[in-house]
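Structural overview for review
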2 protein chains.
Amino acid sequence: MDKLLRINMSTPGGPSFQTDALGTYAGMGGRAMTSAVIAAEVPPTCHPLGEANKLVIAPGLLSGSAAAMSGRLSVGCKSPLTGGIKEANAGGQAAQVMGRLGYAAIILEGKPADDSLYKVIINKDGVTIESAADIKGLGNYATVEKLAAQYGEKLAYITIGQAGEMKMSAASIAVTDMEARPTRHAGRGGVGAVMGAKGIKAIVLDDAGCAMRKPADPEKFKAANKAFAEGLRKHAVTGEGMPAFGTNVLTNVINEAGGYPTHNFKMGQFDGASKISGEAQAALENERGGEGSATQGCHRGCIIRCSGTFYDKNDNYVTKQPEYETVWAHGGNCGIDDLDIIAQLDRMDDDFGLDTIEMGATIGVAMEAGLAEFGDGQAAINMIKEVGKGTPLGRILGNGAAAVTGQVFGVERVPVVKRQAMPAYDPRAVQGIGVTYATSTMGADHTAGYAVGPNILGDGGSVPALKPEGQVELARNLQIATAAIDSTGMCLFVAFPILDQPETFNALVVLIGAFIGQPMTAESVTELGKAILTNEREFNKAAGFTIKHDRLPDFFKKETLPPHNITFNVTEEELDTLYNWQWYRGLKGEKKGHNTHGATPAAPVANHSLA
Amino acid sequence: MDKLLRINMSTPGGPSFQTDALGTYAGMGGRAMTSAVIAAEVPPTCHPLGEANKLVIAPGLLSGSAAAMSGRLSVGCKSPLTGGIKEANAGGQAAQVMGRLGYAAIILEGKPADDSLYKVIINKDGVTIESAADIKGLGNYATVEKLAAQYGEKLAYITIGQAGEMKMSAASIAVTDMEARPTRHAGRGGVGAVMGAKGIKAIVLDDAGCAMRKPADPEKFKAANKAFAEGLRKHAVTGEGMPAFGTNVLTNVINEAGGYPTHNFKMGQFDGASKISGEAQAALENERGGEGSATQGCHRGCIIRCSGTFYDKNDNYVTKQPEYETVWAHGGNCGIDDLDIIAQLDRMDDDFGLDTIEMGATIGVAMEAGLAEFGDGQAAINMIKEVGKGTPLGRILGNGAAAVTGQVFGVERVPVVKRQAMPAYDPRAVQGIGVTYATSTMGADHTAGYAVGPNILGDGGSVPALKPEGQVELARNLQIATAAIDSTGMCLFVAFPILDQPETFNALVVLIGAFIGQPMTAESVTELGKAILTNEREFNKAAGFTIKHDRLPDFFKKETLPPHNITFNVTEEELDTLYNWQWYRGLKGEKKGHNTHGATPAAPVANHSLA
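What counts as what
- Residues numbered from 1 in each chain as written.
- Chains lettered and ligands numbered in written order.
- Predicted model: local features only at pLDDT ≥ 70, side-chain atom pairs only at ≥ 80, totals over all residues.
- Heavy atoms only, no water.
- Helix = DSSP H or I, 4+ residues; strand = E, 2+ residues; numbered from the N terminus.
- Contact = heavy atoms within 4.5 Å.
- Lys, Arg positive; Asp, Glu negative; His and termini not counted.
- Charge placed at Lys NZ, Arg CZ, Asp CG, Glu CD.
- Salt bridge = Lys/Arg side-chain N within 4 Å of Asp/Glu carboxyl O.
- Buried < 20%, exposed > 50% of the residue type's maximum accessible area, 1.4 Å probe, protein only.
- Pairing = 2+ DSSP bridges.
- Axes fitted to C-alpha atoms, helices over the stretch in contact; angles between N-to-C directions.
- Polar contact = N/O pair within 3.5 Å; in protein donor to acceptor, adjacent residues only side chain to side chain.
- pLDDT = per-residue confidence, 0-100.
- Buried area = accessible area lost by both parts, 1.4 Å probe.
- Nonpolar A, V, L, I, M, F, W, Y, C, P; charged D, E, K, R; others polar.
- Least-squares fit on C-alpha atoms with pLDDT ≥ 70 in both.
- Phe/Tyr/Trp six-rings, centres within 6.5 Å; stacked < 30°, edge-to-face > 60°.
- Parallel < 35°, antiparallel > 145°, perpendicular 65-115°, else oblique.
- Left-handed = near helix turned anticlockwise from the far one by under 90°.

Another aspect to go through is the overall build of chain A. Helices and strands together make up the secondary structure of chain A, namely 24 helices and 16 strands. Dimensions of chain A, computed from the C-alpha atoms along their principal axes, are close to 60 × 55 × 50 Å. By sequence separation, contacts in chain A at least 24 residues apart represent 70% of the contacts at least 6 residues apart. Separation between the mean location of the 55 positive side-chain charges and that of the 66 negative ones in chain A comes to 4 Å.

Turning our attention to the pattern of salt bridges. This model, assessed by the stated rule, comprises 63 salt bridges over all chains. Linking Arg-31 of chain B and Glu-536 of chain B is a salt bridge whose minimum nitrogen-to-oxygen distance equals 2.8 Å. Within this pair, whereas Arg-31 of chain B is found in helix α1 (residues 30–41), its partner Glu-536 of chain B is found in helix α21 (residues 522–543), the two being separated by 505 residues in sequence. Residue Arg-31 of chain B shares its accessibility class with Glu-536 of chain B, and that shared class is buried. Salt bridges here are not isolated pairs; linked through shared partners, they connect Arg-6, Asp-20, Glu-41, Lys-54 and Glu-109 of chain A.

Moving on, we get to the sheet that holds strand β1 (residues 3–8) of chain A. Adjacent strands of a sheet pair through backbone hydrogen bonds, lying either parallel or antiparallel. Residues and elements named next belong to chain A. Read across the open sheet, the 6 strands follow the order β2-β1-β6-β3-β4-β5; overall the sheet is mixed. Every other strand in the sheet has two partners, leaving β2 (16–21) and β5 (85–90) as the edge strands with one partner each. In this sheet, neighbouring strand axes are inclined to one another by 20° on average, regardless of whether the strands run parallel or antiparallel. Here 6 bridges tie strand β4 (residues 73–78) to β5, and the two strands are oriented antiparallel to one another. Bridge pairing links Val-75 to Ala-88 in β5.

Further remarks concern the environment of Lys-124 of chain B. Residue and element names in this part refer to chain B. The topology assignment puts Lys-124 in the loop between β7 (118–123) and β8 (126–131). Classification of Lys-124 by relative accessible area gives exposed; the value is 52%. Leave out the neighbours within four places in its chain, and Lys-124 touches Leu-101, Asp-206, Ala-208, Gly-209 and Cys-210. Within the structure, the side chain of Lys-124 is placed 3.5 Å from the side chain of Asp-125, a separation counted as a polar contact.

Residues and elements named next belong to chain B. In terms of strand pairing, strand β13 (residues 309–311) meets strand β14 (residues 317–320) through 3 bridges, oriented antiparallel. Note that in β14 the partner of Thr-309 across the bridge is Lys-320. Here β13 hands over to β14 after 5 residues, with Asp-315 in that stretch at a positive phi of 60°.

Residues and elements named next belong to chain A. Of all residues in chain A, 95% attain a pLDDT of 70 or more, and the chain-wide mean is 93. Predicted confidence for residues 589–609 stays below pLDDT 50, and this span has 40 contacts to residues more than four positions away or in other chains. Taken over the whole predicted complex, pTM reads 0.93, whereas the ipTM for its chain interfaces reads 0.91.

Another point: the interface of chain B and chain A. Counting from both sides, the interface comprises 33 residues of chain B and, opposite them, 33 residues of chain A. When chain B packs against chain A, the two sides together hide about 2600 Å² of surface, and 53% of this comes from carbon and sulfur. Here chain B is connected to chain A by 2 salt bridges. Run the count over chain B and chain A and you get 9 residue pairs in polar contact (both at pLDDT 80 or more). If you list the elements that add at least two residues to the side of chain B that touches chain A, you get α14 (392–397), α15 (401–408) and α21 of chain B. When the residues that make up the side of chain B that touches chain A are grouped by side-chain class, the tally is 13 nonpolar, 10 polar and 10 charged.

Quick look at the sheet that holds strand β2 (residues 16–21) of chain B now. All names here are of chain B. Across the sheet, which stays open at both edges, the 6 strands sit in the order β2-β1-β6-β3-β4-β5 with mixed pairing between neighbours. At either margin of the open sheet sits one strand with a lone partner, and together these are β2 and β5 (85–90). Geometrically, the sheet is characterised by an average inter-axis angle of 20° between neighbouring strands, direction not taken into account. Against the sheet, α1 engages β1 (3–8), β3 (55–59), β4 (73–78), β5 and β6 (103–109), with an angle of about 20° to β4.

Residue and element names in this part refer to chain A. With respect to the secondary-structure elements, Gly-268 resides in the loop between α8 (250–256) and α9 (273–276). Judged by relative accessible area, Gly-268 falls into the buried class, the value being 0%. For the pair Gly-268 and Asp-217, spaced 51 residues apart in the sequence, the C-alpha separation amounts to 50 Å. Residue contacts for Gly-268: discarding those within four places in its chain leaves Asn-255, Gly-258, Gly-259, Tyr-260, Thr-262, Leu-561, Pro-562 and Pro-563.

Moving on: the relation of the copies chain B and chain A. Superposition record for chain B on chain A: RMSD 0.0 Å, screw rotation 180°, translation along axis 0.0 Å. Overall, the copies show the geometry of a two-fold rotation axis. When you check the interface residues of chain B against chain A, 100% turn up at the interface there too, and the contact is symmetric in its surfaces.

In this section: the pairing of β4 of chain B. All names here are of chain B. The buried count for β4 comes to 6 of 6 residues, which makes it a mostly enclosed element. As paired strands, β3 and β4 are joined by 4 bridges and run antiparallel to one another. Bridge pairing in β4 places Val-56 opposite Gly-76. Here β4 folds back onto β5, and the loop between the two strands holds 6 residues, one of which, Gly-83, carries a positive phi near 80°.

Another aspect to go through is the packing of aromatic side chains. All names here are of chain A. Going through the model one piece at a time under the given rule, you end up with 24 aromatic pairs over all chains. Between Tyr-141 and Tyr-317 the ring centres are 6.2 Å apart and the planes differ by 55°, which places this aromatic pair in the tilted class. Taken as a pair, Tyr-141 in helix α3 (residues 140–151) and Tyr-317 in strand β14 (residues 317–320) lie far apart in primary sequence, 176 residues in all. Residue classification places Tyr-141 among the buried residues on the basis of a relative accessible area of 11%.

Residue and element names in this part refer to chain A. In this structure, Thr-247 sits in the loop between α7 (236–245) and α8. Look at Thr-247 and you get buried, because its relative accessible area is 6%. Sequence-wise, Thr-247 and Val-237 are 10 residues apart; in three dimensions their C-alpha atoms are separated by 9.6 Å. Sequence-distant contacts of Thr-247, defined by excluding residues within four places in its chain, comprise Met-242, Cys-306, Glu-323, Tyr-324 and Phe-493.

Our focus in this paragraph is the side chain of Thr-504 of chain B. All names here are of chain B. Within the fold, Thr-504 resides in helix α20 (residues 502–516). Looking at Thr-504, its side chain comes within polar contact range of the side chain of Gln-501, at 2.8 Å. Residues in contact with Thr-504, not counting those within four places in the same chain, are Phe-228, Gly-231, Pro-497 and Ile-498.

Residues and elements named next belong to chain A. Contact geometry for helix α6 (residues 218–234) and helix α21 (residues 502–516): axes closest at 8 Å, N-to-C directions at 150°. Put simply, α6 runs roughly antiparallel to α21. For the element pair α6 and α21, the recorded crossing hand is left-handed. Of the residues in α21, those in contact with Lys-220, Phe-221, Ala-224, Asn-225, Ala-227, Phe-228, Gly-231 and Lys-234 of α6 are Glu-503, Thr-504, Ala-507, Leu-508, Val-510, Leu-511, Ala-514 and Phe-515.

Our focus in this paragraph is the packing of helix α1 (residues 30–41) of chain A against helix α22 (residues 522–543) of chain A. All names here are of chain A. Taken N-terminus to C-terminus, the directions of α1 and α22 make an angle of 30°; their axes are 9 Å apart at the nearest point. In terms of axis orientation, α1 runs roughly parallel to α22. For α1 against α22, the interelement crossing comes out left-handed. Contacts between α1 and α22 involve Arg-31, Ala-32, Ser-35, Ala-36, Ile-38 and Ala-39 from the former and Leu-528, Ile-532, Leu-533, Asn-535, Glu-536 and Phe-539 from the latter.

What follows is the structure, encoded as structure tokens:
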């Protein structure tokens with residue numbers, strides 16, 4: 001990973017490329033890399049679909065190595081959905097393969113003069129760029145099938161479906177999984193639209209003949225990796241719950257906690273939750289059998305294996321085991337309690353290349369607008385079909401919940417922050433995640449600082465979910481830690497054991513240090529997290545964001561959520577202190593800073609403030 | 001005009017109202033009133049369609065008096081299109097009638113619990129609020145027809161069409177003209193959607209039995225009014241050009257200057273301009289005859305009379321004489337050179353209740369997206385029909401050029417500022433209007449500071465149109481003067497004579513002073529303008545706007561505009577000095593301030609800066 005691949009789509013006569021040294025980007029991976037490139041090279045006020053925006057695809061710092069869980073890929077750009085900086089994270093095979101190919105980032109620049117589409121083929125011998133006219137207009141499944149027939153079954157593919165070609169703000173970028181299916185998506189913020197605007201339909205990654213990346217200190221690395229893996233296996237979430245039931249193990253938990261947004265965030269509990277829970281899903285998958293019903297990883301090197309395969313009644317493959325957020329978005333949020341319908345919607349989203357969270361939230365808003373009844377699964381399927389076809393209704397829905405659908409249908413209750421749809425946790429019943437939604441540089445994003453752990457699950461400490469006290473500090477700590485983790489290539493689920501088990505946290509710190517040949521400390525990891533967030537926030541500020549954008553929609557402050565019948569009540573003054581780094585107290589076992597837990601700070605500090 | 005009418009749509013059991021004293025709003029009219037109420041009473045981050053937004057309808061300070069040209073109405077709210085403060089200005093009868101009824105403002109507050117629609121009837125005896133179920137879903141023409149049959153032909157009506165009921169961001173509010181037709185619109189920023197969200201379909205204004213408002217100093221007032229009217233009659237624009245050809249006299253002028261945006265702002269000249277010019281339009285109207293072909297005013301007290309009536313080939317009424325911006329928006333911008341088609345589009349916009357500028361710009365973007373060929377008039381008619389029906393495509397288009405249509409169809413070239421579509425002057429060939437577009441609190445709005453005068457027409461001074469020098473100062477001066485004029489109830493066209501003829505300017509200042517019984521000076525008028533703009537800008541800042549929103553879209557800085565082949569080249573640093581009031585040099589004959597004409601200032605001043 002000692003080079004950058006820059007592909008310029010504006011060159012007269014067709015796309016060109018060059019391979020650059022890392023320069024100032026040396027030592028960066030994942031989100032650190034994508035956000036650094038965007039912040040340094042993209043004019044913050046540019047049009048997201050214009051020539052000046054860039055799409056940066058970066059494996060993590062440890063991707064391509066033997067480090068467990070290190071196969072996550074970061075995709076960055078200025079987001080067409082939020083208008084701010086974006087890092088969307090995906091599993092799948094691409095990160096490990098890019099790592100072995102030696103590319104720390106692929107940067108797509110410029111814009112073709114016409115609407116030509118291209119594919120980029122990268123292998124040990126270099127790069128070729130070819131016309132993608134033969135796969136234009138195809139969904140991700142058909143695209144990958146054609147590419148696999150041409151280039152090989154074992155390769156990694158990064159593709160967009162129809163939504164990306166149509167430059168929809170909910171368009172994702174698909175990454176093939178271990179079964180060479182396009183089921184892993186950099187979902188959020190419309191990254192697929194930017195790839196579409198660049199005129200790139202597919203990136204073919206072939207690491208044949210490339211070696212695994214070597215750590216600087218192999219012995220230390222090996223020992224730390226072993227300790228790290230042990231920590232994952234012994235933790236209840238990553239060692240038991242997730243392998244058994246997948247991420248959808250959360251449905252019953254969040255529903256019981258009253259934080260499961262139902263009927264477009266009208267209620268915190270869903271009557272049909274038990275019918276679409278991880279337990280019900282696992283039972284159904286086991287009943288239907290098939291080789292894929294065992295738990296699977298999404299990339300080589302995964303040892304949590306929270307995924308699986310969803311087959312229909314006739315044992316035909318439908319999609320990968322739908323994730324919790326997908327099941328929620330297309331399920332409870334829309335009042336749909338049928339796993340077969342949800343799986344079909346998931347498959348269609350993956351095929352057209354759409355963010356399942358954005359689409360589920362969008363259908364919820366459409367149902368609120370009266371386009372269909374809550375609970376009408378066939379109507380939801382028809383809506384997603386419209387998106388794939390690009391009809392006017394489909395164009396509306398495919399551009400997301402707030403950015404378009406809410407406005408088009410005159411709906412006030414649109415669950416978004418910075419125009420990005422909220423995921424599967426109601427901020428009134430899980431106040432910590434509400435702080436993350438409000439303050440994240442990404443827009444509403446549970447993965448930016450998963451306060452659900454300490455709020456609900458009792459992981460990574462305990463901060464009562466229904467009260468405002470301590471939520472800002474919690475969200476600050478988690479956002480810092482997350483930004484750092486997102487840079488390593490590590491799956492975010494390692495957060496459960498590392499926040500609970502100091503020895504696993506230490507193992508990860510040592511693992512990174514042993515790989516790069518530079519001793520790491522807990523403090524240097526958190527400094528990295530702060531630096532990334534600062535970089536992102538400065539970009540957003542330069543793009544026109546202020547603290548006024550760090551707010552939840554009015555209705556979360558006015559409407560009470562059953563069954564707890566509470567509103568979101570972290571004050572704006574508290575929200576505005578999130579970026580006060582000097583109040584950072586550190587992760588577990590790394591107690592730094594000078595503020596008292598839960599104390600309400602007096603005023604935001606100008607340094608990182610958008611005031 | 002010594003009272004406010006507040007109508008609360010949230011009251012349990014149905015709408016309620018109360019009449020309040022003016023309190024801190026005493027002495028305010030028009031835009032000063034609407035912006036003061038919005039700034040003081042509406043939470044800047046609220047949802048524009050939510051309960052917390054308010055719709056303020058205010059006649060000008062002189063409305064209802066004998067002052068010439070004083071019948072303009074201001075409508076204010078937080079805009080669903082821009083997300084910022086909005087004042088949209090309309091002619092028609094309502095301002096004069098409201099003035100005589102004694103209401104300095106009608107303030108619509110709250111939101112009905114269901115989708116009930118109401119009408120408000122106001123006469124000398126007071127206020128009644130009734131169900132509008134009988135006119136639900138009707139266009140403005142049918143609405144007014146039914147209301148006139150019930151309440152009287154001679155009344156003034158303020159109504160919304162289907163677009164407002166559907167809460168579209170391009171929805172206008174219609175005001176009936178002297179012929180009791182709904183042809184005068186508070187067009188910009190989606191004010192009609194806010195009226196729709198409040199559940200008000202119509203306001204019936206009946207001033208029978210009410211007297212004209214009396215000036216404090218009748219003799220002085222009468223003399224000043226006479227001098228003012230003489231000034232209007234002797235000026236070439238208001239005394240000759242506008243009465244003869246209407247506002248559409250500009251088509252040939254702007255086209256010859258190379259600043260006529262054609263084919264979605266791709267060129268600065270339109271081949272078909274002469275076929276849709278004011279001259280061609282007047283000839284056609286005269287040829288077709290009919291009583292309305294003579295020039296008309298839009299309200300009692302108008303002496304410019306820039307309007308007329310458009311009849312079809314069979315001498316049937318179609319619409320009022322389409323304005324320049326309408327002819328441009330539906331004409332040259334879309335490559336359409338047929339006045340009959342343009343008149344049909346104007347009629348449909350008026351009937352559905354749509355801003356003609358926003359709709360023309362939107363169709364231009366849709367044509368750029370490939371939905372129709374430039375020049376296809378029937379396609380444009382079909383698109384507006386879709387809006388009226390509220391089909392998905394219609395919902396997209398009815399929500400405006402940027403806010404939706406550009407994003408939905410993935411178009412980069414969207415001519416908007418703060419999400420509001422640009423009017424009929426290309427900012428590359430008329431750089432001063434580009435500064436107004438960029439910096440106005442309203443989004444792109446030619447009426448906020450009509451730099452076209454000094455840039456192109458040689459009115460109100462002369463600043464060369466193609467160079468950046470002096471444009472910021474020009475736009476600053478004009479925006480200050482305009483905000484003040486918009487508060488008097490005066491038609492903005494009085495700006496031509498008052499900026500050119502010191503004696504007419506003085507007559508207006510004396511006229512206002514004689515009416516309110518407090519001597520006015522040129523300086524007090526401009527202080528009023530500054531105060532209004534400051535108020536509006538502070539609201540926008542609190543809503544999340546920064547100087548990054550005071551920018552034109554990238555393509556105006558990158559793409560050259562034929563025939564001059566230039567880009568917009570006023571720098572961002574210059575734009576950011578617009579609100580430096582201490583650099584204000586004053587209107588003609590009122591030379592104040594300390595800056596040298598055209599000098600480039602060093603840095604913005606923090607006071608009114610959004611930096």
